[in-house]
Amino acid sequence: SNFMQASSNMGQVLNSMIAQTLLSQAMARPDMQAANYAYWQIPNSLVNPPQNMEIIVQRDGSEPGAKINPANTRVVLSLETKNLGKLGIDIQVKDKDVKFVFNTQNDTTQKIIAANGAVLRKKVGEKNFKTSGLLVRTNPTLSTIKPYLIPILDLEALLKVDVEA
């Protein structure tokens, strides 16, 4: 029992360390190339058992230690709730212009979020921002943050090596 709990805790620590290591590497995704991101894990008690909500925020510039510019950034959230399941939310901010992309695991959740788009636009407008884009789609792959964290290999840049026994 104690061994199993210690093993589980060690697994969580290793997962966090791996995520931090991956984030420190250059991104190979074309839409995120040369970007510098801050990464956080925040306890999420909206689901049982509690899990971490993951957040990445684009920094202003690609140099180490670059600051986050709230007027020009990208925020990606990954969380799970009891009623909606896993969600990936990609928010892009440019001055007072905000674009949202919600990635859900199923069509039911997609329809619920899409039906509440007007409420989101109104709430964003109350904060003196304009919602210029609101896309809600069923995309289980992007409902987690891992595709944003793990660099994708550029297969064109790989060299083929033939090995004969």
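Calculation rules
- Residues numbered from 1 in each chain as written.
- Predicted model: local features only at pLDDT ≥ 70, side-chain atom pairs only at ≥ 80, totals over all residues.
- Heavy atoms only, no water.
- Phe/Tyr/Trp six-rings, centres within 6.5 Å; stacked < 30°, edge-to-face > 60°.
- Buried < 20%, exposed > 50% of the residue type's maximum accessible area, 1.4 Å probe, protein only.
- pLDDT = per-residue confidence, 0-100.
- Contact = heavy atoms within 4.5 Å.
- Helix = DSSP H or I, 4+ residues; strand = E, 2+ residues; numbered from the N terminus.
- Pairing = 2+ DSSP bridges.
- Axes fitted to C-alpha atoms, helices over the stretch in contact; angles between N-to-C directions.
- Salt bridge = Lys/Arg side-chain N within 4 Å of Asp/Glu carboxyl O.

**A word on the packing of aromatic side chains**
Right, on to step 1. Under the defined criterion, the tally for this structure stands at 1 aromatic pair.
Right, on to step 2. The interplanar angle of 20 degrees and the centroid separation of 6.2 Å between the aromatic rings of phenylalanine 100 and phenylalanine 102 together place this pair among those described as stacked. Just as phenylalanine 100 is buried, phenylalanine 102 falls in that class too.

**Section: the confidence of the model for the chain**
For any part of a model where pLDDT is low, the fine detail of the predicted coordinates should not be relied upon.
Right, on to step 1. Per-residue pLDDT for the chain averages 78, and the proportion of residues at 70 or more is 68%.
Right, on to step 2. Confidence over residues 26–34 falls short of pLDDT 50; this stretch has 16 contacts with residues more than four positions distant or in other chains.
Right, on to step 3. The model gives residues 152–156 a pLDDT under 50, and that stretch makes 2 contacts with residues more than four places away or in other chains.

**Some points on the environment of glutamine 105**
Right, on to step 1. Within the secondary structure, glutamine 105 sits in the loop between strand S5 (97–104) and helix H2 (107–115).
Right, on to step 2. It is 8.7 Å that separates the C-alpha atoms of glutamine 105 and leucine 142, two residues lying 37 residues apart in sequence.
Right, on to step 3. Apart from the residues lying within four places of it in its own chain, the contact partners of glutamine 105 are Lys86, Thr138, Pro140 and Ser143.

**Thoughts on the sheet that holds strand S4 (residues 85–94)**
Right, on to step 1. As summarised here, the arrangement of the 6 strands in space is S1-S2-S3-S4-S5-S6, forming an open sheet in which the pairing is mixed. Two strands close off the open sheet at either side, each with one partner strand: strand S1 (37–44) and strand S6 (130–138). In this sheet, neighbouring strand axes are inclined to one another by 15 degrees on average, regardless of whether the strands run parallel or antiparallel.
Right, on to step 2. Both S4 and S5 contribute to a ladder of 8 bridges, which runs antiparallel. Following the sheet pairing, glycine 88 is matched in S5 by asparagine 103.
Right, on to step 3. Its contacts with the sheet place helix H3 (residues 117–126) against S5 and S6, and it is angled at close to 150 degrees to S6.

**Describing the pattern of salt bridges**
Right, on to step 1. Under the defined criterion, the tally for this structure stands at 1 salt bridge.
Right, on to step 2. Arginine 74 is paired through a salt bridge with aspartate 90; the nearest N and O atoms lie 2.5 Å apart. With a gap of 16 residues between them, arginine 74 in strand S3 (residues 72–81) and aspartate 90 in strand S4 connect regions that are remote in the sequence.
Right, on to step 3. Look at aspartate 90 and you get buried, because its relative accessible area is 6%.

**Quick word on the environment of glutamine 51**
Right, on to step 1. Position of glutamine 51 among the secondary structure elements: in strand S2 (residues 51–58).
Right, on to step 2. In sequence terms glutamine 51 and leucine 79 are 28 residues apart; their C-alpha atoms lie 8.3 Å from each other.
Right, on to step 3. Discounting residues that sit within four places of it in the chain, glutamine 51 has contacts with Ile42, Pro43, Asn44 and Glu80.

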